[in-house]
Amino acid sequence: MPCQRVRQWYILADEKEMPVTTSSTTPSADIDLFEAMYTARSLRHFKPDPVPQELITRVLDAAIRASSGGNTQHWSFIVARDAGVKRQLAALYRKASDHAMAVYASRPKPEHLSDEQYRQFLANSGWLWDHLAEAPVILIACLARREPPERSSLPAVVQARYDAHLANTLRISGSSIYPAIQNIILACRALGLGTVITTNHILYEDEVKAVLGIPDNVSTFALMPIGYPTRKYGPLTRKPVADVTFADRWGTRWPG
Ligand SMILES: Cc1cc2nc3c(=O)[nH]c(=O)nc-3n(C[C@H](O)[C@H](O)[C@H](O)COP(=O)(O)O)c2cc1C
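Residues numbered from 1 in each chain as written. Predicted model: local features only at pLDDT ≥ 70, side-chain atom pairs only at ≥ 80, totals over all residues.

Asks: Could you clarify how one ought to interpret helix H2 (residues 53–63) in this entry?
Replies: It helps to recall that an α-helix has 3.6 residues per turn; residues three or four apart then point in one direction. Among the residues of H2, those classed as buried are Leu55, Ile56, Arg58, Val59, Ala62 and Ala63. Each buried residue of H2 lies within a common arc of 155° when the element is viewed along its axis, so the set occupies one face. With respect to the buried face of H2, the exposed residues turned more than 90 degrees away are Gln53 and Glu54. Buried residues along H2 sit in contact with strand E3 (75–80), strand E4 (137–144) and helix H7 (178–190). (Buried ≥ 20, exposed ≤ 12 C-beta atoms within 10 Å, placed from the backbone. Helix = DSSP H or I, 4+ residues; strand = E, 2+ residues; numbered from the N terminus. Arc of directions from axis to C-beta. Contact = placed C-beta atoms within 7 Å.)

Dropping the structure here:
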């Protein structure tokens, strides 16, 4: 496994990469990047211990290093720590989970998972349905909508494919926030925290937005409980590269 030590972190200043020396007050981590990627399991069980604010700031500072379409950085994050707010979010997550449960029940087990792996997945997901409020932090990752340009303002060749453009915009709506979310997952792993990306709440997103006072033009893309985990990190098992990769053309096996 390739080794790449993460000892320093970087800020972008005037488009120049500037190394930042970690000071004694900066929460730091020393974990092999590939080890983090291979072990950042979805963790849903947490100790009640509070997470220091500077660790959450550190996680978010990693999140905002992610790319975004057009470098718009239209993201916002809400860090919910108040017990009353967490309870309201948890109640909505619980309500949405009835639907998730029905969907899982009506679908066959994914072929690549063993009976035991699937049982564990259902047990862990189901546990969170009833225990979300116990996470010391619930982080909500949001993205502001960008209005498309007026059709009439565009050249004819672009206007001709305008409807396809709008459909594509809808299809890739989350693509400018999910890289930041993956950074959150990896930063949590590096700092000894646990988290999981969840999306069930989106079924009742209007109510979630009302609880958090989120404006109309902003959508929520993930709700992530964060805390010190009581369960272990990976290793993560996945379908092998050979099963999911083609060379040059669909159907031609990647040589590996
Ligand atoms: C887009 C997306 C949505 C997800 N939504 C939920 C969710 O609502 N609740 C949940 O417990 N886990 C959710 N997960 C986590 C997956 O269940 C988890 O990544 C998967 O089971 C693999 O688990 P592992 O990473 O521990 O191997 C979601 C993951 C993704 C990428």
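Asks: How do you make sense of the environment of isoleucine 202 when you look at a structure like this?
Replies: Relative to the helices and strands, isoleucine 202 is located in the loop between strand E5 (194–195) and helix H8 (205–212). A tally of 15 C-beta atoms within 10 Å means that isoleucine 202 is categorised as partly exposed. Sequence separation between isoleucine 202 and alanine 222 is 20 residues, and the spatial gap between their C-alpha atoms is 8.2 Å.

Asks: Teacher, can you tell me more about the packing of H2 against H7 here?
Replies: Two quantities define a packed helix pair, namely the angle between the helix axes and the distance between the axes. Taken N-terminus to C-terminus, the directions of H2 and H7 make an angle of 140°; their axes are 8 Å apart at the nearest point. Viewed along their axes, H2 and H7 adopt a mutual orientation that is oblique. Between H2 and H7 lies a crossing whose hand is right-handed. Only Ala180, Asn183, Ile184, Ala187 and Cys188 of H7 make contact with H2, whose side of the interface consists of Arg58, Val59, Ala62 and Ala63. Tallied by class, residues from the contact of H2 with H7 come to seven nonpolar, one polar and one charged. (Axes fitted to C-alpha atoms, helices over the stretch in contact; angles between N-to-C directions. Parallel < 35°, antiparallel > 145°, perpendicular 65-115°, else oblique. Left-handed = near helix turned anticlockwise from the far one by under 90°. Nonpolar A, V, L, I, M, F, W, Y, C, P; charged D, E, K, R; others polar.)

Asks: So what exactly am I meant to see when it comes to the environment of serine 68 here?
Replies: Positionally, serine 68 belongs in the loop between H2 and E3. For serine 68, a count of 16 C-beta atoms within 10 Å gives the class partly exposed. In the structure, serine 68 is positioned 107 residues away from serine 175 in sequence and 7.5 Å away in space, judged by C-alpha atoms. Setting aside anything within four residues of it in sequence, one finds serine 68 in contact with Gln73, His74, Trp75 and Ser176.

Asks: What is the right way to look at the packing of helix H3 (residues 83–106) against helix H4 (residues 115–131) in this model?
Replies: Between H3 and H4, the least distance of the axes is 9 Å, while the angle of their chain directions is 155°. Viewed along their axes, H3 and H4 adopt a mutual orientation that is roughly antiparallel. Pair H3 / H4 crosses with left-handed handedness. Judged by residue contacts, Tyr93, Arg94, Ser97 and Tyr104 of H3 engage Leu122, Trp129 and Asp130 from H4. Partitioned by chemical class, the residues of the contact of H3 with H4 number four nonpolar, one polar and two charged.

Asks: Any chance you could explain unusual backbone geometry here in plain terms?
Replies: What is expected of a backbone is that most residues other than glycine have negative phi and most peptide bonds are trans. Cis geometry marks the peptide bond from glycine 234 to proline 235, where omega comes out at 15°. The topology assignment puts proline 235 in the loop between strand E6 (218–227) and helix H9 (241–244). Residues other than glycine seldom take positive phi values, yet asparagine 71 does so here, at roughly 50°. Assignment of secondary structure puts asparagine 71 in the loop between H2 and E3.

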